[in-house]
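Examination of the molecular architecture
Each chain is listed here by its residues.
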Amino acid sequence: MKRWLSMVAMLGLLMLSLGCPTPKTDPKPMQPQGPPPKPKVALVLGGGAARGFAHIGVIRVLEQEKIPVDMVVGTSVGSLIGAIYAADRNSFELEWTAFQLEKDDLFDFGVINAVTGMGFAKGDKLEAWVKGHVKPANIEQLKLPFAAVATDLNWGHKIVLNQGSVARAVRASSAIPGVFQPVAHQGKILVDGGVVDNIPISVAKAMGADIVIAVDISPSLGNPNITNLLGVSLQATNIMFAINVERSKRDADVLIVPPGIGDVGTLDFTQKKRCMEAGIKGAQASIPAIHAAIEKWVAANTK
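Scoring rules and cut-offs
- Residues numbered from 1 in each chain as written.
- Predicted model: local features only at pLDDT ≥ 70, side-chain atom pairs only at ≥ 80, totals over all residues.
- Heavy atoms only, no water.
- Helix = DSSP H or I, 4+ residues; strand = E, 2+ residues; numbered from the N terminus.
- Contact = heavy atoms within 4.5 Å.
- Buried < 20%, exposed > 50% of the residue type's maximum accessible area, 1.4 Å probe, protein only.
- Axes fitted to C-alpha atoms, helices over the stretch in contact; angles between N-to-C directions.
- Parallel < 35°, antiparallel > 145°, perpendicular 65-115°, else oblique.
- Left-handed = near helix turned anticlockwise from the far one by under 90°.
- Arc of directions from axis to C-beta.
- Pairing = 2+ DSSP bridges.
- Phe/Tyr/Trp six-rings, centres within 6.5 Å; stacked < 30°, edge-to-face > 60°.
- Salt bridge = Lys/Arg side-chain N within 4 Å of Asp/Glu carboxyl O.

1. A short note on the overall build of the protein chain
Within the protein chain one finds eleven helices and ten strands. Partitioning the contacts of the protein chain with sequence separation of at least 6, the portion at a separation of at least 24 is 76%.

Listed below in structure tokens is the structure:
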């Protein structure tokens with residue numbers, strides 16, 4: 001009898017254990033993941049006078065490819081194109097505005113200027129043109145953070161113009177030595193930023209850029225056709241700019257070099273379309289490198 005009761009008890013325990021499955025623990029809830037971090041992308045536009053129309057083609061491609069541009073830094077004509085774009089963030093408006101630009105809109109040449117002043121052109125026309133075509137009066141009012149780079153003529157310092165008058169900043173940044181008269185601005189005498197930094201990548205990084213896309217529109221240096229004082233000034237300036245470009249362009253994350261425009265003269269405004277098309281080609285060729293740079297930054301900054 002005892003043996004039978006023991007067997008019944010054991011059978012009951014067995015059935016009980018089979019009927020009560022081991023409690024399961026709930027899986028750890030998934031933590032919601034936010035969007036991946038985005039780098040701050042700077043577009044740095046170099047100087048090069050009439051070759052600056054290539055910048056327009058570059059900007060058109062960046063917009064079409066939805067490459068974000070979070071700030072713009074420019075020297076000389078790069079500051080001019082950069083200011084127009086920073087005002088509206090619209091490549092169509094940029095093209096429409098810039099293609100109205102003619103040499104006579106910018107260069108108020110005069111013999112008296114060269115004899116009694118410090119340049120062939122005063123620069124008043126350039127400043128007036130910017131005032132008439134860039135709606136925000138001050139840099140702080142532009143839609144994108146913006147800086148124009150100029151040079152302190154007295155002391156040789158690089159001057160970053162990121163506040164105050166847009167038109168005055170562009171005029172100072174574009175005051176090619178010997179061509180335009182120096183510009184009195186912010187208590188300094190300023191000339192073209194290309195004297196010290198024609199592709200101001202370091203300025204963009206100081207403004208917080210994580211990735212710098214720079215555009216180099218430097219000329220071909222060979223010029224056997226220098227026949228007057230203006231030609232001497234322009235060629236000397238080109239040589240000076242080329243030296244600091246070689247030094248600074250190495251720091252770009254992506255360097256865009258519009259092909260085939262090195263022979264376009266500094267004041268040759270007849271080559272607008274050619275320069276723009278070169279900018280488009282150069283930018284299109286650089287799109288894979290831009291995506292790679294952004295992906296590399298995101299991977300390095302994603303926890």
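2. Side note on the environment of isoleucine 56
Within the fold, isoleucine 56 resides in helix H2 (residues 53-64). Given a relative accessible area of 0%, isoleucine 56 falls into the buried group. It is 9.0 Å that separates the C-alpha atoms of isoleucine 56 and tyrosine 85, two residues lying 29 residues apart in sequence. Beyond its immediate sequence surroundings of up to four residues, isoleucine 56 is in contact with Ile81, Leu94, Glu95, Ala98, Phe99 and Met276.

3. Describing the packing of H2 against helix H11 (residues 272-300)
Each packed pair of helices is defined by two parameters, the angle between the axes and the distance between the axes. Where H2 contacts H11, the two axes come as close as 6 Å, and the packing angle between them is 40°. As judged from the angle between their axes, H2 and H11 are oblique. Two packed elements cross with a definite hand, and for H2 against H11 that hand is right-handed. The residues of H11 that touch H2, namely those facing Phe53, Ala54, Ile56, Gly57, Val58, Arg60, Val61 and Leu62, are Lys272, Cys275, Met276, Gly279, Ile280, Ala283, Gln284, Ile287 and Ile290.

4. Side note on helix H7 (residues 124-133)
Within H7, the full set of buried residues consists of Leu126, Glu127, Trp129 and Val130. The arc enclosing the buried residues of H7, seen along the axis, measures out at 160°, which places them on a common side. Among the exposed residues of H7, those oriented more than 90 degrees off its buried face are Lys131 and Gly132.

5. A closer look at the pairing of strand S1 (residues 41-45)
For S1, a buried count of five out of five residues is recorded, marking the element as mostly surrounded by other parts of the structure. On S1, burial covers both faces: Val41, Leu43 and Leu45 on one face and Ala42 and Val44 on the other are all buried. Relative to strand S9 (residues 211-215), S1 runs parallel, the two sharing five bridges. From the neighbouring strand, valine 41 faces S9, where its bridge partner is isoleucine 211.

6. With respect to the pairing of strand S5 (residues 158-161)
Of the two faces of S5, the one lined by Ile159 and Leu161 is fully buried and the one lined by Lys158 and Val160 carries no buried residue. In the sheet, strand S4 (residues 146-152) pairs with S5 via four bridges, with the strands oriented antiparallel. Directly across from threonine 151, in S5, lies its bridge partner lysine 158. Hairpin geometry of S4 and S5 is characterised by an intervening segment of five residues between the two adjacent antiparallel strands and by a positive phi of about 75° at glycine 156.

7. Let's talk about the packing of aromatic side chains
In the structure shown here, the tally under the stated rule is two aromatic pairs. When the centroid spacing of 5.8 Å and the interplanar angle of 85° are considered together, the rings of phenylalanine 53 and phenylalanine 269 count as edge-to-face. Pair noted here: phenylalanine 53 is in helix H2 and phenylalanine 269 is in the loop between strand S10 (254-256) and H11, with a separation of 216 residues, a long-range link. The exposure class of phenylalanine 53 is buried, given its relative accessible area of 4%. Members of the aromatic cluster, each reached through a chain of ring pairs, are Phe53, Phe99 and Phe269.

8. Section: the pattern of salt bridges
Tallied over the entire structure, the rule returns ten salt bridges. Of the charged contacts, one joins glutamate 102 and lysine 272 as a salt bridge, the two residues approaching to 3.0 Å between their closest N and O atoms. A residue pair is termed long-range when its members are at least 10 positions apart, and glutamate 102 in the loop between helix H4 (91-98) and helix H5 (103-106) and lysine 272 in helix H11 qualify at 170 residues. For glutamate 102, a relative accessible area of 39% puts it in the partly exposed group.

9. What about the environment of phenylalanine 107?
Residue position: phenylalanine 107 is located in the loop between H5 and helix H6 (111-116). You can call phenylalanine 107 buried: its relative accessible area is 8%. Not counting chain neighbours up to four residues away, the residues in contact with phenylalanine 107 comprise Ala121, Lys125, Val179, Phe180, Leu267 and Phe269.

10. Describing the side chain of glutamate 127
Looking at the element boundaries, glutamate 127 is found in helix H7. Residue classification places glutamate 127 among the buried residues on the basis of a relative accessible area of 8%. Excluding residues within four positions of it along the chain, glutamate 127 makes contact with Ala167, Arg168 and Arg171.

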